[in-house]
Amino acid sequence: MEFQNLHEVLRSLYDEMMPLSADMAAVAKGLAGLGALFYVALKVWQALSRAEPIDMFPLLRPFALGLCIMFFPTIVLGTINAVLSPVVIGTHQILEDQVLDLNQLQQQKDQLEYEAMVRNPETAYMVSDEEFDKKLDELGWSPSDIGTMAGMYMDRQAYKIEKAIKDWFRNLLEILFQAAALVIDTIRTFFLIVLSILGPIAFAISVWDGFQSTLTQWLTRYVSVYLWLPVSDLFSSMLARIQSLILERDIAMLADPTYIPDTSNTVYIIFMIIGIIGYFTIPTVTGWVIQAGGAGNFTRNVNQAAMKTGNIAGAGAGSAAGNIGGKLMGK
């Protein structure tokens, strides 16, 4: 199963579990009704004790919250999701456009690199079987020619091993990059499911006098967590755009027949590491859009995990780049 399919599974999981919030409405109704009784009684007795007219408008608050609890999936969750879903759709469309351009440029660059390697007589036999066979046919069977053949086989095998190591490390970073995005999306889905199912309880508690801030905190936390996905898509689209600009520059340089391409993909590896670390800063960045408390410990733990992941990935990238650079310098 691909990573994109896993993200779709999380979307469907949230849609399937969101109606479960209606099951909590029965408990929330009783809690809200008892809170409304005490709330109305307190306001009425305060007005009577002060010989003041009773203000009816504040007394409507428990009844409004009661309506929200009774039709919580439709009125509350449906309204919030309907308002925020265009943001998610828009940012996801931006990401798809950038990724599509990136894939096309990557294919074009790979083809140009192959053509550049084939044009170079010193590297053509390592990437092309036809050039390798052609060069073998040009050699004879003298001791020097046999030594040249052995050197060609060794160079070709070393090139394949080096390329396999580069591809393995690149695939590893891509898996870590996708895993970081999946971790954020999984935690986001878990938070949204908990907030959705227990939302009626939060609304019922906010009916009680002294707990009015519960409603505001629930709304800000739900919106903040919901925005993790569009912020994640914007971050991914930014990285894809940066890589597209780098690929466009490489393609322009590959147009020069004398240019020797760099196949180490060092810049690509660096941006993959940046992406892995950057994904774990999404909760913090979302908190700048809308202030929501209660996730401080999680954000701190995520940032610490990101630092450790970045150190490990950076050490691996430095080691691989150093080994590759040493081999190239040795040649």
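The rules behind each value
- Residues numbered from 1 in each chain as written.
- Predicted model: local features only at pLDDT ≥ 70, side-chain atom pairs only at ≥ 80, totals over all residues.
- Heavy atoms only, no water.
- Helix = DSSP H or I, 4+ residues; strand = E, 2+ residues; numbered from the N terminus.
- Buried < 20%, exposed > 50% of the residue type's maximum accessible area, 1.4 Å probe, protein only.
- Contact = heavy atoms within 4.5 Å.
- Areas by Shrake-Rupley, 256 points an atom, 1.4 Å probe, with all protein chains shown as cover.
- Axes fitted to C-alpha atoms, helices over the stretch in contact; angles between N-to-C directions.
- Parallel < 35°, antiparallel > 145°, perpendicular 65-115°, else oblique.
- Nonpolar A, V, L, I, M, F, W, Y, C, P; charged D, E, K, R; others polar.
- Arc of directions from axis to C-beta.
- Core = buried A, V, L, I, M, F, W, Y, C linked by side-chain atoms within 4.5 Å.
- Phe/Tyr/Trp six-rings, centres within 6.5 Å; stacked < 30°, edge-to-face > 60°.
- Lys NZ or Arg CZ within 6 Å of the ring centre and 35° of its normal.
- Salt bridge = Lys/Arg side-chain N within 4 Å of Asp/Glu carboxyl O.
- Lys, Arg positive; Asp, Glu negative; His and termini not counted.
- Patch = residues over 30% accessible without salt bridge, like charges linked within 9 Å, V, L, I, M, F, W, Y side chains within 5 Å.
- Charge placed at Lys NZ, Arg CZ, Asp CG, Glu CD.

> For this particular structure, what's the right way to read the overall build of the protein?
A tally of regular secondary structure across the protein gives 13 helices and 0 strands. For the protein, the N- to C-terminal ordering of α and β elements is α-α-α-α-α-α-α-α-α-α-α-α-α. Buried positions account for 38% of the 331 residues belonging to the protein. The contacts in the protein between residues at least 6 apart in sequence include a share of 81% that link residues at least 24 apart. Total accessible area on the protein is roughly 18,800 Å²; 66% of this is exposed by carbon and sulfur atoms.

> Would you explain the packing of helix 10 (residues 228–254) against helix 11 (residues 266–279) in this entry?
How two helices pack is summed up by the angle between their axes together with the distance between the axes. Helix 11 packs onto helix 10 with a crossing angle of 170° between their chain directions and a minimal axis gap of 11 Å. In terms of axis orientation, helix 10 runs roughly antiparallel to helix 11. For the pair helix 10 and helix 11, the contacting residues are S232, F235, S236, L239, I242, Q243 and I246 in the first and V267, Y268, F271, M272, I274, G275, G278 and Y279 in the second. Residue composition of the contact of helix 10 with helix 11, grouped by class: 10 nonpolar, 5 polar and no charged.

> Would you mind going over helix 3 (residues 61–70) with me for this structure?
Every buried residue of helix 3 is listed here: P62, L65, G66, C68 and I69. An end-on view of helix 3 places all buried positions within 160° of arc, on one side of the element.

> Where do I start with the packing of helix 9 (residues 213–226) against helix 10 in this structure?
Running from amino to carboxyl end, helix 9 crosses helix 10 at an angle of 30°, the nearest separation of the two axes being 4 Å. Judged by the angle between their axes, helix 9 and helix 10 are roughly parallel. Facing S224, V225 and Y226 of helix 9, the residues of helix 10 in contact are W228, L229 and P230. Partitioning the contact of helix 9 with helix 10 into residue classes produces 5 nonpolar, 1 polar and no charged.

> Would you mind showing me how to read the nonpolar core here?
Considering soluble globular proteins, one finds that nonpolar side chains tend to be buried as a cluster. Formed by 32 residues in total, the largest nonpolar core has its most connected members in I69, V76, I80, F203, W218 and Y222. Looking at this core, the elements that each hand over two or more residues are helix 2 (25–49), helix 3, helix 4 (72–119), helix 7 (143–197), helix 8 (199–207) and helix 9. When residues no more than four places from it in sequence are discounted, the contact partners of I69 are A25, A28, K29, A32, P200, F203 and A204. A181, I184, V231 and F235 belong to the second-largest nonpolar core, a separate cluster that totals 19 residues.

> Would you mind going over the packing of aromatic side chains with me for this structure?
For the structure shown, the criterion picks out 10 aromatic pairs. The interplanar angle of 70° and the centroid separation of 5.6 Å between the aromatic rings of F235 and Y279 together place this pair among those described as edge-to-face. With F235 in helix 10 and Y279 in helix 11, the pair connects residues that are 44 residues apart, well separated along the chain. Note on accessibility: F235 and Y279 belong to one class, buried. One Lys or Arg, R188, reaches over the ring of Y226 and ends 5.0 Å from the middle of that ring.

> Quick question: what am I supposed to make of the pattern of salt bridges here?
Side-chain pairing between opposite charges can occur once the charged atoms of the two side chains come close. Taken as a whole, this structure holds 2 salt bridges when the rule is applied. The salt bridge involving D185 is made with R11; its shortest N-O contact spans 2.5 Å. Of this pair, D185 sits in helix 7 while R11 is found in helix 1 (residues 3–17), placing the two residues 174 residues apart along the sequence. We classify R11 as partly exposed; its relative accessible area is 26%. Between D185 and R188 there is a salt bridge; the shortest N-O distance is 3.9 Å. Taken together, the residues span about one helical turn, with D185 and R188 both in helix 7 at a distance of 3 residues.

> Quick question: what am I supposed to make of the side chain of D233 here?
Tracing the backbone through its elements, the reader meets D233 in helix 10. Of the side chains bearing the opposite charge, R11 lies closest to the buried D233, which forms no salt bridge; the N-O distance is 6.0 Å. When sequence neighbours within four positions are dropped, the list of residues in contact with D233 reads V88, T91, H92 and L95.

> Mind showing me how you'd approach helix 8 here?
Quick reminder: α-helices carry 3.6 residues per turn. Residues three or four places apart thus point the same way. Among the 9 residues in helix 8, 8 count as buried, and that is most of the element. Within helix 8, burial applies to G199, P200, I201, A202, F203, A204, S206 and V207.

> What is the right way to read the side chain of S237 from this model?
With respect to the element layout, S237 can be found in helix 10. S237 gets classed as buried once you look at its relative accessible area, which sits at 6%. Not counting the four nearest positions on each side in its chain, S237 is found in contact with I94, L95 and Q98.

> Honestly, a negative patch on the surface in this entry has me stumped. Any pointers?
Among the surface-exposed residues, E96, D97, D101 and E248 lie close enough to one another that they form a single negatively charged patch. In terms of residue count, helix 4 provides more of the negative patch than any other element does, 3 residues in total.

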